[in-house]
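Read off the chains here:
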Amino acid sequence: MSQLPPLVEPAAELTVDEVRRYSRHLIIPDVGMDGQKRLKNAKVLCVGAGGLGSPALMYLAAAGVGTLGIVEFDTVDESNLQRQIIHGQSDIGRSKAESARDSVKEINPYTNVILHEERLEADNVMDIFAQYDLIVDGTDNFATRYLVNDACVLLNKPYVWGSIYRFDGQASVFWSEHGPCYRCLYPEPPPPGMVPSCAEGGVLGVLCASIGSIQVNEAIKLLMGIGEPLVGRLMIYDALEMTYRQVKVRKDPECAVCGKNPSVTELIDYEAFCGVVSEEAQEAALGSTITPRQLKEWMDAGENIDLIDVREPGEYEIVKIPSSRLIPKNEFLMGRALEDLPQDKRIVLNCKSGVRSAEVLAVLKAAGFADAVHLGGGVIGWVNQIEPSKPVY
Ligand SMILES: [Zn+2]
């Protein structure tokens, strides 16, 4: 990847105060007045004001980025302070967005801060992203990453990505116009529960600065149009070994969102795509999950069960488990399906992969159906193990 043109036009001028403030930038030949004016004109959105968002926002502000957007709806918790250095002791319990804004303003009063105190969703992401030149991602979950990626591809915005876990960090710039996107690198999310989050596995606090500063570095280069952007390259940092490796990432012509024949042409349901399982569902599924083989044994033995498929009618039409009947998940969530359930049969739930059925299982357990179970792996697992001639989707 060679140098790209600057992402933003320069602002008309810098004030005397601004010249004083940014003098150490201005005397770098590659930056100069022109580069600093571009930063002043830049609008950067940071998704999350947590581990990566903290150093990212602080350095973007200090560097003189004119407008900083912050997407964040969480509040500051004491356990955040080990790494989220944009917040302090007196911020515990406050809105993270407001706390981050106050720190940014303290670092650089000339930065215009816009708060988006809401969860990033498919129905608000396009409107929010459209207001910015570039997106810096500091989220820690796969559903949001795919959402951010797809929105960036659809809007043709550069996506400066970072990820951290324990002593390991990764960073890259995804920009489908000039290189691969996040889906080119990771076409499929990991199975739910496979990759522990920082909350479960821990993270070295200073790793946030190592990766967050790479993200800021790349954002500044793109805004000013200098250097070799981290497009098409994945940086892999090992803090224990103290090594940086880089891996080439190629654009995948078959990519679902940026490939030649994309199947994702608008935003999708990312929680479903990533199989996000709620805590209640995980709890309900514990000890109440059966395998396809176990279900087959019950069926063959003529066990007194009511097999309920909780997918949508269109999915049920594609492939179903014999003797199952359809009651879509929403009927349970709205409470409508509960009264029609048999009391004298054991209820077995299934969906596509076992995520939605676990959610419904939580509803059933709460309603007193103590012996209800769900099928782990869903209809996909059933087809793979029991009826391999049937289609999967
Ligand atoms: Zn792609």
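Residues numbered from 1 in each chain as written. Predicted model: local features only at pLDDT ≥ 70, side-chain atom pairs only at ≥ 80, totals over all residues. Heavy atoms only, no water.

1. Points about the coordination of the zinc ion
Donor atoms from the polypeptide that coordinate the zinc ion comprise C181 (SG), C184 (SG), C255 (SG) and C258 (SG), at 2.3 Å from the metal. Here the zinc ion is ringed by four donor atoms whose angles at the metal span 94 to 120°, and the overall shape comes out tetrahedral. For the zinc ion, all donor residues lie on one chain, and their spacing in sequence is C-x2-C-x70-C-x2-C. Taken together, the positions of C184 in helix α8 (residues 182–185) and C258 in the loop between β8 (243–248) and α11 (270–273) put the pair 74 residues apart, joining distant regions of the chain. (Donors = N, O, S within 2.8 Å, 3.2 Å for Na, K, Ca; no water. Tetrahedral: all angles 85-135°; square planar, octahedral: opposite > 155°, others 65-115°. Helix = DSSP H or I, 4+ residues; strand = E, 2+ residues; numbered from the N terminus.)

2. Quick notes on the domain arrangement of the protein chain
Note on interface size: it is often stated as the accessible area lost on association of the parts. If you check the domain split of the protein chain, you get domain 1 (16–274) and domain 2 (279–385). When each unit is reduced to the centre of its C-alpha atoms, the spacing between domain 1 and domain 2 is 39 Å. (Domains from an automatic or database assignment.)

3. Brief notes about a nonpolar patch on the surface
There is a patch of nonpolar side chains on the surface, built from F167, L204, V206 and L240 and spanning about 350 Å² of accessible area. Summarising the element assignment, F167 is placed in the loop between β5 (159–165) and β6 (168–174). (Patch = residues over 30% accessible without salt bridge, like charges linked within 9 Å, V, L, I, M, F, W, Y side chains within 5 Å. Areas by Shrake-Rupley, 256 points an atom, 1.4 Å probe, with all protein chains shown as cover. Salt bridge = Lys/Arg side-chain N within 4 Å of Asp/Glu carboxyl O.)

4. Re the nonpolar core
Residues L57 and V136 are the most contacted members of the largest nonpolar core, which totals 45 residues. When residues in this core are grouped by element, the largest group, 10 residues, is from helix α10 (residues 205–224). (Core = buried A, V, L, I, M, F, W, Y, C linked by side-chain atoms within 4.5 Å. Buried < 20%, exposed > 50% of the residue type's maximum accessible area, 1.4 Å probe, protein only.)

5. Comments concerning the pattern of salt bridges
Opposite charge on two side chains lets them pair, provided their charged atoms get close. As enumerated under the stated definition, the model contains 16 salt bridges in all. Measuring nitrogen to oxygen at the nearest pair gives 2.7 Å for the salt bridge that ties R94 to D102. By relative accessible area, which is 26% here, R94 ends up partly exposed. What makes D102 partly exposed here is its relative accessible area of 34%. Note that R325 is salt-bridged to D306, the shortest N-O span being 2.7 Å. Placement of the pair is R325 in strand β11 (residues 325–326) and D306 in strand β10 (residues 305–309), with a sequence separation of 19 residues. In this structure R325 comes out as partly exposed when scored by relative accessible area, which is 33%. Its relative accessible area of 8% is what places D306 among the buried residues.

6. Observations concerning a negative patch on the surface
Together, E118, E121, D123, D127, D269 and E271 give the surface a local cluster of negative charge. Residue position: D127 is located in helix α6 (residues 125–129). Judged by relative accessible area, which is 57%, D127 ranks as exposed. (Lys, Arg positive; Asp, Glu negative; His and termini not counted. Charge placed at Lys NZ, Arg CZ, Asp CG, Glu CD.)

7. As for the side chain of S324
Within the secondary structure, S324 sits in the loop between α14 (313–318) and β11. For S324, a relative accessible area of 9% gives the class buried. Among the polar contacts listed, one links the side chain of S324 to the backbone oxygen of I321, at a separation of 2.7 Å. Leave out the neighbours within four places in its chain, and S324 touches L307, D309, Y316 and N350. (Polar contact = N/O pair within 3.5 Å; in protein donor to acceptor, adjacent residues only side chain to side chain. Contact = heavy atoms within 4.5 Å.)

8. Concerning unusual backbone geometry
Negative phi is the rule for most residues except glycine; trans is the rule for most peptide bonds. Its identity is not glycine, yet R166 carries a phi of approximately 55°, on the positive side. Relative to the elements of secondary structure, R166 occurs in the loop between β5 and β6. In the Ramachandran plot, S323 falls in the positive-phi region, its phi being about 75° despite a non-glycine side chain. Examined against the element boundaries, S323 turns out to sit in the loop between α14 and β11.

9. A short note on the environment of I70
Its location among the elements puts I70 in strand β2 (residues 67–71). According to the relative accessible area criterion, I70 is buried, its value standing at 0%. Sequence separation of I70 and L57 is 13 residues, and the distance between their C-alpha atoms is 8.4 Å. The residues touching I70, leaving out its near neighbours within four places in the chain, are L45, C46, A49, L57, A97, A100, R101, V113, I114, L115 and H116.

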